[in-house]
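Listed below, chain by chain, are the residues.
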Amino acid sequence: MMVFSEEQRILKDTAREFVTEHAPVAALRKLRDDVSPDGFDRVLWNAMTELGWPGVLISETYGGAAFGFKGLGAVLEETGRTLTASPLLSTALIGATLVEHLGTPAQKVQWLQGIASGQLVTALALEETHHHAPQRVTFTASGASGEFVLNGTKTFVLDGHVADLLLVVARSSGAPDDTDGVSIFAIPRDRNGVSVTRTFMVDSRNAANVTCSDVTATKADLLGGEEALGRARGSLDYTLDLARIGLAAEMLGSIEEAFDRTLAYLKTREQFGVLIGSFQGLKHRAAEMFSEIELAKSVVMEALDAVERKDEALPLLSSLAKAKVSDTFHTVSSEAIQMYGGIGMTDDEEIGFFLKRARVAEQTFGDAKYHRSRYARLSGF
Amino acid sequence: MKTVMNLDTFRTETREWLEENCPVAMRTPQPEDEIIWGGRNAEFKHPDSKVWLARMAARGWTAPTWPAAYGGGGLSPEQYQVLQSELARICARSPLSSFGLWMLGPALLEFADNAQKAKYLPDIVHGRIRWCQGYSEPGAGSDLASLQTRCEDKGDHWLVNGSKIWTSYANLADWIFCLVRTDFEAPKHQGISFLLFDMTSEGVSTQPIRLISGASPFCQTFFDNVKVPKENLVGELNKGWTIAKRLLQHERAMIATIGRRFGTTVAPVEALAKRYVGETNEGIADPVLRDKIAQHQMDTHAFALTTERAAEEAKAGMADGAASSMFKYYGTELNKRRYELLLETMGTQSLGWQGDGFDNQELTTTRQWLRSKANSIEGGTTEVQLNVIAKRVLGLPD
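Source: prediction; values computed, not measured.

Examining the overall build of chain B
When helices and strands are tallied, chain B shows 11 helices and 10 strands. Here the C-alpha radius of gyration of chain B, 23 Å, is about what a compact globule of 398 residues would show, namely 21 Å. The C-alpha extent of chain B, read off along each of the three principal axes, is 80 × 55 × 50 Å. For chain B, with 398 residues in total, the buried portion stands at 48%. For chain B, the exposed surface amounts to about 19,500 Å²; the carbon and sulfur share of it is 52%. Seen as two clouds, the 44 positive and the 48 negative side-chain charges of chain B have centres 2 Å apart.

A word on the environment of Gln148 of chain B
Residues and elements named next belong to chain B. Following the sequence through the fold, Gln148 ends up in the loop between strand S1 (131-134) and strand S2 (150-153). Along the backbone, Gln148 and Pro138 are 10 residues apart, and their C-alpha atoms lie at a distance of 9.8 Å. Sequence-distant contacts of Gln148, defined by excluding residues within four places in its chain, comprise Glu137, Arg181 and Phe184. Reaching out from Gln148, the side chain makes a polar contact with the backbone oxygen of Ser146 at a distance of 3.0 Å.

Notes on the packing of helix H7 (residues 233-266) of chain A against helix H9 (residues 314-339) of chain A
Residues and elements named next belong to chain A. Their axes nearest at 8 Å, the elements H7 and H9 cross at an angle of 25°. Classed by the angle they form, the pair H7 and H9 counts as roughly parallel. The handedness of the crossing between H7 and H9 is left-handed. Residues that form the contact of H7 with H9 fall into these classes: 20 nonpolar, five polar and three charged.

Considering the domain arrangement of chain A
Residues and elements named next belong to chain A. Under the domain assignment, chain A is made up of domain 1 (6-120), domain 2 (124-230) and domain 3 (234-378). With 25 residues of domain 1 at the interface, the matching set in domain 3 holds 31 residues. Between domain 1 and domain 3 lies a buried interface of about 2,400 Å² when both sides are counted; carbon and sulfur atoms form 65% of it. At the boundary of domain 1 and domain 3, one finds six salt bridges.

Focus on the interface of chain A and chain B
Of the residues lining the interface, 42 residues belong to chain A; the matching set on chain B comes to 40 residues. For the pair chain A and chain B, the summed buried surface comes to about 3,400 Å²; carbon and sulfur atoms form 67% of the total. On the chain A side of the interface with chain B, the three residues burying the most area are Met2, Arg372 and Phe381 of chain A, jointly 21% of the side's total. Taken together, the links from chain A to chain B amount to three salt bridges.

Reading guide: rules and limits
Residues numbered from 1 in each chain as written. Chains lettered and ligands numbered in written order. Predicted model: local features only at pLDDT ≥ 70, side-chain atom pairs only at ≥ 80, totals over all residues. Heavy atoms only, no water. Helix = DSSP H or I, 4+ residues; strand = E, 2+ residues; numbered from the N terminus. Rg over C-alpha atoms; globule rule 2.2 N^0.38 Å. Buried < 20%, exposed > 50% of the residue type's maximum accessible area, 1.4 Å probe, protein only. Areas by Shrake-Rupley, 256 points an atom, 1.4 Å probe, with all protein chains shown as cover. Lys, Arg positive; Asp, Glu negative; His and termini not counted. Charge placed at Lys NZ, Arg CZ, Asp CG, Glu CD. Contact = heavy atoms within 4.5 Å. Polar contact = N/O pair within 3.5 Å; in protein donor to acceptor, adjacent residues only side chain to side chain. Axes fitted to C-alpha atoms, helices over the stretch in contact; angles between N-to-C directions. Parallel < 35°, antiparallel > 145°, perpendicular 65-115°, else oblique. Left-handed = near helix turned anticlockwise from the far one by under 90°. Nonpolar A, V, L, I, M, F, W, Y, C, P; charged D, E, K, R; others polar. Domains from an automatic or database assignment. Buried area = accessible area lost by both parts, 1.4 Å probe. Salt bridge = Lys/Arg side-chain N within 4 Å of Asp/Glu carboxyl O.

Okay, structure coming up:
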C-alpha cells in the first residue's frame, strides 16, 4: 500500500508542525553561521526525544516508540522540508537498525536503550573513497579471538564528529572485494588512536573523516560478538538499503518544499508587466517537474512499504527509490535556482540551501548511476 | 440496497451462465484481425464470435451498466465488477469493440432525449451500427473549438458542409457523431452543435490516410451538402461543446484501457539487448546502453507504481487525484522513449521497411516506432497536457 495510514498521517502532520516551528531552514542557517560545534541543536534533539523520534524504529522493550518504518519515513519526509539537521538518519535509522539486526542481546539492551533515550548518537563509518563503494573494504581489523587492532581511514562519516559510538566497517579477513570477512566494531569516539576531522560540507550537515591508528578493540566492541566475526555483510547491506530508503524519504520532502517555493515564486514575481508563471516555457517545465515528483513519491512509498512487508525485492526497490529520487532532486534543485533568477543566487535567499543539500544527498549511499547499475544487476541484466 | 448475499448469488449465476454461453473458442486470446467492431458490414472471422456477441448483447452485457430500458445490462457498479472478474476468470474475449459503447453511448445517456436514446442505444448494444467520430479538422486540431464544418438550418433539415480529419475507421463506419458549427457569429465555444448522421448519406465521402508507419485506420472525411434530419441534433443547439468535452473524458479513459484491453506481448528491452548487443559477466555488453535501459526500466517501474498509487488513493477516498492528470503525457513519452531505445539496441535490424533480411518482430518494431510518434499528439498533445497540468493542478496564471 502506497498510502499512509490514519496514524501515520497524524504522525506526519505532527512532524510538519514541529519542524516548521522549531527547525525551519533559518535554523540550519544559524548552525552554519555560528559554526555550531555540534552541527545540530541538542535542545531540538531533546524535543525530538520527547516525541519519541530517536526510538521510532526501536521496540518498546528498549524504550522505543515502535512507529514502524513507514512512520519514520513520514517523519523524515517532513524534516526534509526544512532541511533539518539532526542525528535521525545516522542514529534513529542506521544505528538502531544495525544494532537491532546484528547486536548481541546485551549490546541491544545497552545501545538501543541509549538511542531511544536520546542519549546515544551513533555514526556509521563505511566509506573509504569519494564514491560509494560498500563492497570494497580495506580498513583492517587484525588479530583474532578477543583482541583486535583497527587501522585505516574512513571518509564522509555522517555525524562522525559528534557520535558517541562509531560503527566502523572493517575487514577482519579476506581480500578487499570479498563479501565475507567484514566485521563491524562499535568504538567510542574518544578511544586512543581514533582521530576525527570534521569536514564542512556545502550542505552544512555533519560529516567527518575518521582515522584509526592501531586502535585496540575487544570482542565486546564487536557488533554481534565473536560469532558475527567476518559475517556482518548481510546486516550491513540490509541497513544500507533502509538508509537509502529513509534518505530518499527525506530527499522527497526537500524536493516538495523546493518545488512549492519555486511555484510560489512563479506566482508572485512580475516582469514585463505580468507574472512570470504565465510564461509557457516555465509552465511546461513546472508541469514536467510535477510529473517527476509524482513518480518520486510512488517509489518512496513503495520502498517504505516494502520494508514493513519484508519484501524480497527490497534491494531492488531501495535502488529504484534512491536513483529516481536522486535524479528528481537533481532536476528540481537545478530548476529552482534557475527559475528564482538573480535573487536565488543570493545567500540571503533560502533556495540555495536546497541545491546544496541536493548534491550531498545524491552522493550519499550511492548516486543515481550506482543504483541504476545495481537495479540492472538485480534485474538480471 | 445490494447485500453481500445478492452479490454472491449474482456471481454464481453469472459464472453458470458464462459456462453455458461463452463458446470455448471465445476463451482464447483475441488476435487483432478478430476484434469485433460490428456494424452493417460486420465481419466475424470466427463463427463463434457472432454467437458470443448475440448472446452477450441479448443480455445487455456488451453495455453492462447501461439502463435495461435501452438494451443495457442495468447492472450496479458492484455487479459490473463481478461480471468483469468472471469474464477475466475464463479469459473471455471482448464480444464487441465499439466507439458507440466507449464514447457516444455514455454521452447520449447524459445529453440525448428519450427518442434518441431509444433509437441509437440498442443498435450500439447489439453492434448493429458502427460509429466513427467527427472531431478534428485540418484547421482544428489542438484548437478543436475553432472547427469550421458548417451546419445550416434549412427548415426541415440541416445542411452540412466541410471536412474532418483523423476519423478512425470512417471508411468502415455506418454513422458518425460530428461536431459542427451552427453559429459563426458567436464566440467559438458557443457556436458548436453535436450532430449524428448516416455515413451513407449523399455527399459523404472518405479517404484513408497513410501514415509514415504505413496503413492506418485514420481517414479524411468530406461533407458536400449533406442533408441531416432535424431530430439528429443531440442536446441544445450551439451547446454541443459541453457534450464534446464530456466525450473527450470518455475517450481518454478509453485510451488508458486500450493497453489492458488488447494487451501486448512485447519482449523486454533488456532481453533484446542481450540478443543484439551481447552480454558479459557485468551484464549487457555495452555499459552505456545498459545504463540507458536501466533508466528506462526504472521509469517504467515508477510509472506503473504511480498508476497503482493513484488507484489506491482513489479507493481510500483521498481527494487529491492530481497524479492522474500526468498519465497520458508521461505514458506516451515513456512509450516513445522505449521505441528509440529499441532502435538503438537493434541497430540496422530495426530499420527495415519490408521483405527479406528482417524477421517479423524486427519489421513490426520499425512500424511501431514510427507509429509511436503519434502517441504524444493524438488525444491531446503533450504540450496541451502540460498546459492543463500547469493551469489546473499547479494553478499557474494565464
